[in-house]
Amino acid sequence: KIFHMYLAQHIGQISKETVKVGDFVKRYEKIGEMQGNISSPVHSPVSGQVIDIKEMILPNKKMAKTIVIKNDFKNEEVVPFSYENPDELSAEELVAAIKEIGVLGLGGSGFPTYIKYENAKNIDTVLINAVECEPYLTSDYKIMEKHAKELIDGTHFLMKAGHAKKGVIAIKVVNDKLAKKLQEATEGYQNIEVVTVPDAYPMGWERVLIRELFKKEYERFPGEIGIIVNNATTAIYLSEALRDKKPITHRIVTISGEGVKNPENVYVPIGTSVDYIIEKIGGYTENINEMFVLGGGPMMGKSIANDTFVVTTYSNSITVLPQVAEDAPPR
């Protein structure tokens, strides 16, 4: 019923609010605009009234201004942008669209995607990272299973934006069925291929992935060696945004770990409280004295003091791990 929209949904400068307390907003309406060189817009996931604008804690433990919206359940919508013929957009127009839509690194980085493409030069390959790097995480796999076509379509758009000659989608070898499904979806795209990589940590780290696939190293950014890396979910959401004229206001999140009764992937509006989600899927595992709630996976996630933080655009997972489990059987 209540949604908390951080104005720091991304790496870079916090967005500037475009609404005030008391305003009524519609679903998909822009409520935060870009400011600074690295930023991203913020859109409302629901229609309703702005009841507060306040500071709240982020999953990274920093504080950020937050717009609080009370859902009126009327689902009134606006069309925040319109690309009538996305297939006819030039590379420069695609980059501008990626910026306007607010496409981010949805694998957990939150890095504004347009930055990778605005000044891209001599790009040979767009590498789509479909490797779930950490234990427990399956959100990328779940969305790829349902949206293989959109993954290929989004990859095609990214290649065009970067003037890339080819696209490579990398996925772990253990996901052979999904890899085959993605390969079938590439039919008609001669310059996009699906490749498998070893099931090893940290294969999902882009530096390791590039080393595995291309036997190359770079100093700071993959663009130095002609490669742009994007997450699989990012490519999917770009396709949907361009085709359906909708911003990124919902996402799949893996809720997992030994601290929750019923681990599962959930599709939720951005701004949904983590404690609400966990309650709805069955609550916490019983007989646990203390637990860690992580914004992210167990290897690179940030431990949060409580579960009252909310899902962000780049929240791919919430992991709950027990510190002490009473009467737990020996391992």
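What you see is a predicted model, and the numbers here were worked out from it, not measured in a lab. (Residues numbered from 1 in each chain as written. Predicted model: local features only at pLDDT ≥ 70, side-chain atom pairs only at ≥ 80, totals over all residues. Heavy atoms only, no water.)

> How do you make sense of the nonpolar core when you look at a structure like this?
Among soluble globular proteins, nonpolar side chains are generally buried collectively. Counting residues in hydrophobic clusters, the biggest one holds 57 residues, and the most contacted among them are Met144, Leu151, Ile169, Ile171, Leu182 and Leu242. Setting aside anything within four residues of it in sequence, one finds Ile169 in contact with Ile128, Ala130, Leu151, Ile152, Thr155, Leu182, Ile192, Glu193, Val194 and Val195. Ile255, Ile278, Ile304 and Phe309 belong to the second-largest nonpolar core, a separate cluster that totals 21 residues. (Core = buried A, V, L, I, M, F, W, Y, C linked by side-chain atoms within 4.5 Å. Buried < 20%, exposed > 50% of the residue type's maximum accessible area, 1.4 Å probe, protein only. Contact = heavy atoms within 4.5 Å.)

> Could you clarify how one ought to interpret helix H4 (residues 148-161) in this entry?
Counting along an α-helix, one turn takes 3.6 residues, and residues three or four places apart therefore face a common direction. For H4, spanning 14 residues, the distance from its first C-alpha to its last is 20 Å, which sits close to the expected 20 Å at 1.5 Å a residue. The element H4 is largely enclosed, with a buried count of 10 among its 14 residues. (Helix = DSSP H or I, 4+ residues; strand = E, 2+ residues; numbered from the N terminus. Expected span 1.5 Å × (residues − 1).)

> I would appreciate a short explanation of the packing of helix H3 (residues 139-146) against helix H7 (residues 232-244) in the present structure.
Relative orientation and spacing of two packed helices are given, respectively, by the angle between their axes and the distance between those axes. It is the contact of H3 with H7, at a shortest axis distance of 9 Å, that shows an interaxial angle of 40°. On the basis of their axis angle, the class for H3 and H7 is oblique. Taken as a pair, H3 and H7 cross one another with a handedness that is left-handed. Across the interface between the two elements, Asp140, Ile143 and Met144 of H3 pack against Ala232, Thr233, Ile236 and Tyr237 of H7. (Axes fitted to C-alpha atoms, helices over the stretch in contact; angles between N-to-C directions. Parallel < 35°, antiparallel > 145°, perpendicular 65-115°, else oblique. Left-handed = near helix turned anticlockwise from the far one by under 90°.)

> It is not clear to me how the packing of aromatic side chains should be interpreted in this structure. Could you clarify?
Given two aromatic rings, one states the distance between the centres and the angle between the planes to describe the pair. The tally for this structure, following the rule as stated, stands at 1 aromatic pair. Here the basic side chain of Arg207 rests over the ring of Tyr218, its NZ or CZ set 4.1 Å away from the ring centre. (Phe/Tyr/Trp six-rings, centres within 6.5 Å; stacked < 30°, edge-to-face > 60°. Lys NZ or Arg CZ within 6 Å of the ring centre and 35° of its normal.)

> What am I meant to see in the sheet that holds strand E1 (residues 2-6) here?
Paired through backbone hydrogen bonds, the strands of a sheet run either parallel or antiparallel to each other. Reading across from one edge, E1-E7-E6-E3 is the order of the 4 strands in this open sheet, with antiparallel pairing throughout. Two strands close off the open sheet at either side, each with one partner strand: E1 and strand E3 (24-25). The sheet contact formed by E1 and strand E7 (residues 63-71) spans 5 bridges and is antiparallel. Bridged to Met5 within E7 is Ile67. (Pairing = 2+ DSSP bridges.)

> Looking at this structure, how should I read the pattern of salt bridges?
Side-chain pairing between opposite charges can occur once the charged atoms of the two side chains come close. On inspection of all chains with the given rule, the structure shows 9 salt bridges. Note that Asp23 and Lys20 form a salt bridge whose closest N and O atoms lie 3.3 Å from each other. Judged by relative accessible area, which is 21%, Asp23 ranks as partly exposed. Under the relative-accessibility criterion, Lys20 is labelled exposed at 54%. Glu217 serves as the salt-bridge partner of Arg211, at 2.5 Å between the closest nitrogen and oxygen. (Salt bridge = Lys/Arg side-chain N within 4 Å of Asp/Glu carboxyl O.)

> How should I be thinking about the sheet that holds strand E5 (residues 42-43) in this particular structure?
One open sheet holds the 3 strands; their spatial order is E2-E4-E5, and the pairing between them is antiparallel. Either end of the sheet is taken by a strand with one partner, and the two such strands are strand E2 (16-17) and E5. When strand E4 (residues 30-33) meets E5, the two strands line up antiparallel, connected through 2 bridges. Considered in E5, the bridge of Lys30 is made with His43.

> Honestly, the pairing of strand E14 (residues 288-295) in this entry has me stumped. Any pointers?
As a general feature of sheets, a regular strand has side chains that alternate between the two faces. Note: E14 against strand E15 (residues 302-304), 3 bridges, orientation antiparallel. Each bridged residue has a counterpart across the sheet, and for Gly295 the counterpart in E15 is Lys302. The loop that links E14 with its antiparallel partner E15 comprises 6 residues; one of these, Gly296, has a positive phi angle of about 125°.

> How should the pairing of strand E12 (residues 250-256) be read in this particular structure?
With 7 of 7 residues buried, E12 lies mostly within the body of the structure. With 6 bridges joining them, E12 and strand E13 (residues 264-269) adopt antiparallel strand pairing. Residue pairing for E13: Thr254 is matched across the bridge by Asn265.

Interpretation note: all reported values are geometric properties and have no functional meaning in isolation.
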